[in-house]
Structures are given as structure tokens and as C-alpha cells.
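Each chain, letter by letter, is given below.
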Amino acid sequence: MLFHVRMDVNIPDDLDPDVRADTVVREKAYSQDLQRSGKWPHIWRIVGEYSNYSIFDVESNDELHMLLSGLPLFPYMDIKVTPLATHPSDVNA
Ligand SMILES: O=C(O)CC1=CCC(=O)O1
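Here the structure is a predicted model, which means the values were calculated and not measured.

Comments concerning the overall build of the chain
Tallying secondary structure elements over the chain gives two helices and four strands in all. Mapped in sequence order, the helices and strands of the chain form the string β-α-β-β-α-β. The C-alpha extent of the chain, read off along each of the three principal axes, is 50 × 25 × 20 Å. Counting every position in the chain, which comprises 93 residues, the buried fraction comes to 6%.

This is the structure we're talking about:
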């Protein structure tokens, strides 16, 4: 199942700088592990924003929820999920 996910990151200004840096490092490692596994095949920076557009390829809504809620930055994110279906005009489908 494919999902389009928008993540907007809003880290509080008063978060301890060491906690912030550690969380961002852990976020990168967590994300890259999922990218290498094939569960997170695309991630794009949204120009001019601390946000990304991502594609997830997972087995279920529950799996996606588990992966997203495990993001180290999850407490500081607004996340919008859009389920994707095959377009009838897609020449690659
Ligand atoms: O910087 C972001 O967009 C948040 C994020 C998600 C995965 C990652 O490595 O950073």
C-alpha cells in the first residue's frame, strides 16, 4: 500500500540544543534505515519549509502508523497522510 505523507516539523525554540541535535541525528538514522528497507522509497524537502513530502510503501494503515509514531521527531511534527490508489491512465500500472 502506497501513502503520500507530508511532515511539517515544529521544534520548540526552547528545546535544549543537545536534545534537539540528538533527536535530529536519530531521526536521520531511523529514516535512512526505513529507506534502505524499501518501506520509505521517497523523501523530498519542500522548498523553503522545514517540511518534507514522502512516499511510504507498507502493508497496512497500522504499519504506517507504527512507523510514523516511531519517528524521533514525531512529538514535534504535524503529519498529513494521503492513501494512494492506481490511476486508470497510468501507463506503468
Ligand atoms: O527534516 C525533515 O523533514 C524531517 C525528517 C524526516 C526524516 C528525516 O531524516 O528528517
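Quick look at the pairing of strand S2 (residues 42-45)
Two strands pair when backbone bridges link them, and S2 and strand S3 (residues 51-57) are joined in this way by four bridges, in the antiparallel orientation. Of the residues in S3, the one forming a bridge with Arg 45 is Asn 52. Here S2 folds back onto S3 in antiparallel fashion, the turn holding five residues, of which Gly 48 has a positive phi close to 80 degrees.

Focus on the environment of Val 47
With respect to the helices, strands and loops of the structure, Val 47 is situated in the loop between S2 and S3. When the 6 C-beta atoms within 10 Å are taken as the criterion, Val 47 is described as exposed. Between the C-alpha atom of Val 47 and that of His 4, which follows or precedes it by 43 residues, the distance is 17 Å.

Observations concerning the site of the ligand
Around the ligand, the neighbouring residues are Met 7, Val 9, Glu 27, Lys 28, Ser 31, Asn 52 and Leu 73. Counting residues per element, the ones that place at least two in the shell around the ligand are strand S1 (2-9) and helix H1 (17-37). Of the residues forming the shell around the ligand, the biggest block, three residues, is contributed by H1. For the shell around the ligand, the per-class residue count stands at three nonpolar, two polar and two charged.

Observations regarding the UniProt feature "domain: Muconolactone isomerase" (unreviewed entry) in the chain
With numbering aligned to this structure, UniProt lists the feature "domain: Muconolactone isomerase" (unreviewed entry) at residues 1-90. Across residues 1-90, the secondary structure splits into 33% helix and 30% strand, with the terminal C-alpha atoms separated by 16 Å.

Calculation notes
- Residues numbered from 1 in each chain as written.
- Predicted model: local features only at pLDDT ≥ 70, side-chain atom pairs only at ≥ 80, totals over all residues.
- Helix = DSSP H or I, 4+ residues; strand = E, 2+ residues; numbered from the N terminus.
- Buried ≥ 20, exposed ≤ 12 C-beta atoms within 10 Å, placed from the backbone.
- Pairing = 2+ DSSP bridges.
- Near = placed C-beta within 6 Å.
- Nonpolar A, V, L, I, M, F, W, Y, C, P; charged D, E, K, R; others polar.
- UniProt positions renumbered as here; feature names shortened; annotations may be inferred.

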